[in-house]
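# Notes for the structure review
Chain by chain, the residues:
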Amino acid sequence: MAALSGWSPLLAVALGGAGGAVSRYLATRAVNQWLGSTLPYGTLAVNVLGSFLLGALAWTFRERLELRPEVQLLLTTGFMGAFTTFSTFSLETWLLALDGAWGRAVLNVSLNLILSLLACGFGIWLLRAP
């Protein structure tokens, strides 16, 4: 990853994002073929795996391994952000909880879930309206 030396943060995010998006597509497709389509298992698997990986990466970068900011951006915001934004939501919620802000952590979960579902439903309703 030394080749990223001097690269812009935007390029690092873009390169990581391309890999994350392709990985999400392939992983989702593979899991859905394996488990069927009675539930969106592929999305669930990607969200759970992505949350685990981003948590592990964030902790590794914080406590154990120092990498250039561009490499961290490539792996976290780029790759993991494109693999699943649920991982970012999960990490941010855990960071609030680890800081002792449990009320804000619960509020974050509640607002993300409720407002995102309402917004999705509104988008569907808006485009389905005659």
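Scroll up to find the structure.
In short, a report on the structure. (Residues numbered from 1 in each chain as written. Predicted model: local features only at pLDDT ≥ 70, side-chain atom pairs only at ≥ 80, totals over all residues. Heavy atoms only, no water.)

## A short note on the side chain of Ser 51
Among the structural elements, Ser 51 can be located in helix H2 (residues 41-63). In this view, Ser 51 contacts Phe 86, Ser 87 and Ser 90; residues no more than four positions away in its chain are not counted. (Helix = DSSP H or I, 4+ residues; strand = E, 2+ residues; numbered from the N terminus. Contact = heavy atoms within 4.5 Å.)

## Remarks on helix H1 (residues 9-35)
For H1, spanning 27 residues, the distance from its first C-alpha to its last is 38 Å, which sits close to the expected 39 Å at 1.5 Å a residue. Looking at the buried side of H1, the elements it contacts are H2 and helix H3 (69-83). Two residues or fewer past H1, Gly 36 is found with a positive phi of approximately 90°. (Expected span 1.5 Å × (residues − 1).)

## Quick word on the packing of aromatic side chains
Across all of its chains, the model carries 3 aromatic pairs by this definition. Aromatic side chains Phe 79 and Phe 83 sit 6.0 Å apart centroid to centroid with 15° between the ring planes, which places their arrangement in the stacked category. Separated by 4 residues within a single helix, Phe 79 and Phe 83 lie in helix H3, roughly one turn from each other. Here Phe 79 falls in the partly exposed class, since its relative accessible area comes to 24%. (Phe/Tyr/Trp six-rings, centres within 6.5 Å; stacked < 30°, edge-to-face > 60°. Buried < 20%, exposed > 50% of the residue type's maximum accessible area, 1.4 Å probe, protein only.)

## Quick look at the pattern of salt bridges
A full pass over the atoms with the stated rule returns 2 salt bridges. When the shortest N-O distance is used, the salt bridge between Glu 63 and Arg 62 registers 3.2 Å. Among the salt bridges present, the one from Arg 68 reaches Glu 70, with a minimum N-O distance of 3.3 Å. We classify Arg 68 as partly exposed; its relative accessible area is 37%. (Salt bridge = Lys/Arg side-chain N within 4 Å of Asp/Glu carboxyl O.)

## Re the side chain of Asn 108
Checked against the element boundaries, Asn 108 lands in helix H5 (residues 102-128). Take Asn 108: its relative accessible area is 19%, and that puts it in the buried class. When near neighbours in sequence (up to four residues on either side) are disregarded, Asn 108 contacts Phe 89, Thr 93 and Leu 96.

Don't take any of this as a statement about function, it's just geometry.
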